[in-house]
Amino acid sequence: MNYYYLTDPGKIRDHNEDNVIIVKNEANEILMAVADGMGGHLCGEVASSIAITHIADRFKSISSIGNKEDAESWIQSTVSEINALIYKYTEEHPESIGMGTTFVCAIITKDFLLYGNIGDSSGFAIKGDKIQKITNDHTLVSLLVKSGELTEEEAENHPKKNVLLKALGATTTVDMDIFDVETDVDGVLLCSDGMTNMLDKEQILNVIKEDSSIEDRVQKLITKCNNRGGTDNISVAYLEKGVE
């Protein structure tokens, strides 16, 4: 497997509240994760850092994630720990009340592939010449589309497009969506909404399918977002299977 991750503040924001990681454990199982923080006074950066640091440390400390059921349980319990850590931080630092973070992750082993998300950071699977979004956005607009009150086209430029219904640190308890995906994919891509707000699926796929290094392609995704305005922080984690 070949993988690379990168984060960029974009063209408008003066600091980066995103965090991103790809790590292996002793069994060569892989964890990918992206967190997009929110909250003033740099608190979003604190929330996303807590999320990424905690899950990466926990994953590296275990010899193996176990079977699929073990992995699902591990994701839920670790995310609950992160939520409690962020919530505790806000209690100890009143100026940070309201901070939180979106979160998307993937666990890749030889036997299974799991995605999990809270908020509007996204997880995609690439297979052949197709890209599929696996995760569901926890946003007001996404809910309105599902209920039939908005069309996909209306949702694209809706003024409340980024109003979140779920985030880590927003409430005392949290329930993460987990998706079980067939392992015969060619690639796993995670990103913050700084990319999905700038590029559609086909534009992302066109870059991923280029004949260049994985580092160049991830960098090109970020460059294209910035060329289109770079209105938010941009984070990308990409893994290709079958490449040594």
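Notes on the structure in this doc start here. Just so we're clear, the structure is a prediction, and the values are computed from it rather than from any experiment. (Residues numbered from 1 in each chain as written. Predicted model: local features only at pLDDT ≥ 70, side-chain atom pairs only at ≥ 80, totals over all residues. Heavy atoms only, no water.)

1. Some points on unusual backbone geometry
Excluding glycine, residues mostly carry a negative phi; peptide bonds, for their part, are mostly trans.
(1) Moving on: Non-glycine residue asparagine 28 carries a positive phi angle of around 65°.
(2) Moving on: With respect to the element layout, asparagine 28 can be found in the loop between β2 (18–24) and β3 (30–38).
(3) Moving on: For asparagine 28, a relative accessible area of 53% corresponds to the exposed category. (Helix = DSSP H or I, 4+ residues; strand = E, 2+ residues; numbered from the N terminus. Buried < 20%, exposed > 50% of the residue type's maximum accessible area, 1.4 Å probe, protein only.)

2. Regarding the layout of surface pockets
(1) Moving on: One number sums up the size of the second largest pocket: a volume of about 270 Å³.
(2) Moving on: Surrounding the second largest pocket, Arg13, Glu17, Asp36, Gly37, Met38, Thr102, Asp120, Asn162, Leu164, Asp193, Asn197 and Asp232 form its lining.
(3) Moving on: Here the element with the most residues in the lining of the second largest pocket is β3; it accounts for three residues. (1 Å grid on protein atoms, 1.4 Å probe; cavity = no way out; pocket = protein on both sides within 12 Å on 5 of 7 lines; lining within 4 Å. Points joined across faces, edges and corners; volume = space filled by probe spheres on them.)

3. Some points on the packing of helix α6 (residues 201–208) against helix α7 (residues 214–227)
Packed helix pairs are specified by the crossing angle of their axes together with the interaxial distance, meaning the distance between the axes.
(1) Moving on: α7 packs onto α6 with a crossing angle of 145° between their chain directions and a minimal axis gap of 9 Å. In this structure, α6 crosses over α7, and the sense of that crossing is right-handed. Packed against α6, whose contacting residues are Ile204, Val207 and Ile208, the element α7 presents Arg217, Lys220, Leu221 and Lys224 at the interface. (Axes fitted to C-alpha atoms, helices over the stretch in contact; angles between N-to-C directions. Left-handed = near helix turned anticlockwise from the far one by under 90°. Contact = heavy atoms within 4.5 Å.)

4. Examining the side chain of glutamate 240
(1) Moving on: Position of glutamate 240 among the secondary structure elements: in strand β10 (residues 234–240).
(2) Moving on: A polar atom in the side chain of glutamate 240 sits 2.6 Å from the side chain of arginine 217.
(3) Moving on: In this view, glutamate 240 contacts Met1, Asn2, Asp186, Gly187, Ile214 and Arg217; residues no more than four positions away in its chain are not counted. (Polar contact = N/O pair within 3.5 Å; in protein donor to acceptor, adjacent residues only side chain to side chain.)

5. A look at the pairing of strand β5 (residues 113–118)
(1) Moving on: In terms of burial, β5 is largely enclosed, as six of its six residues are buried.
(2) Moving on: Alternating positions in β5 separate into two faces, Leu113, Tyr115 and Asn117 on one and Leu114, Gly116 and Ile118 on the other, with burial throughout.
(3) Moving on: Where strand β4 (residues 100–108) meets β5, six bridges bridge the pair, whose relative direction is antiparallel. The residue bridging isoleucine 107 from the neighbouring strand is leucine 114, located in β5. (Pairing = 2+ DSSP bridges.)

6. Concerning the sheet that holds strand β7 (residues 130–133)
(1) Moving on: Strand order across the open sheet formed by five strands is β1-β10-β9-β6-β7, with antiparallel pairing between neighbours. At either margin of the open sheet sits one strand with a lone partner, and together these are β1 (2–8) and β7. Averaged over neighbouring strand pairs, the angle between their axes works out to 15° when direction is ignored.
(2) Moving on: When strand β6 (residues 122–127) meets β7, the two strands line up antiparallel, connected through four bridges. In the strand pairing of β7, phenylalanine 124 is matched with lysine 133.
(3) Moving on: Together, β6, β7, β9 (187–191) and β10 form the strand contacts of α6, whose direction differs from that of β7 by roughly 130°.

7. Digging into the sheet that holds strand β8 (residues 177–181)
(1) Moving on: Here we have five strands laid out as an open sheet, ordered β2-β3-β4-β5-β8, and antiparallel in their pairing. Among the strands making up the open sheet, the edge pair consists of β2 and β8. Within the sheet, the average angular offset between the axes of one strand and its neighbour, ignoring direction, is 10°.
(2) Moving on: As paired strands, β3 and β4 are joined by nine bridges and run antiparallel to one another. Bridge pairing in β4 places aspartate 36 opposite threonine 102.
(3) Moving on: Across the face of the sheet, helix α1 (residues 43–60) comes into contact with β2, β3 and β4 while running at roughly 165° to β3.

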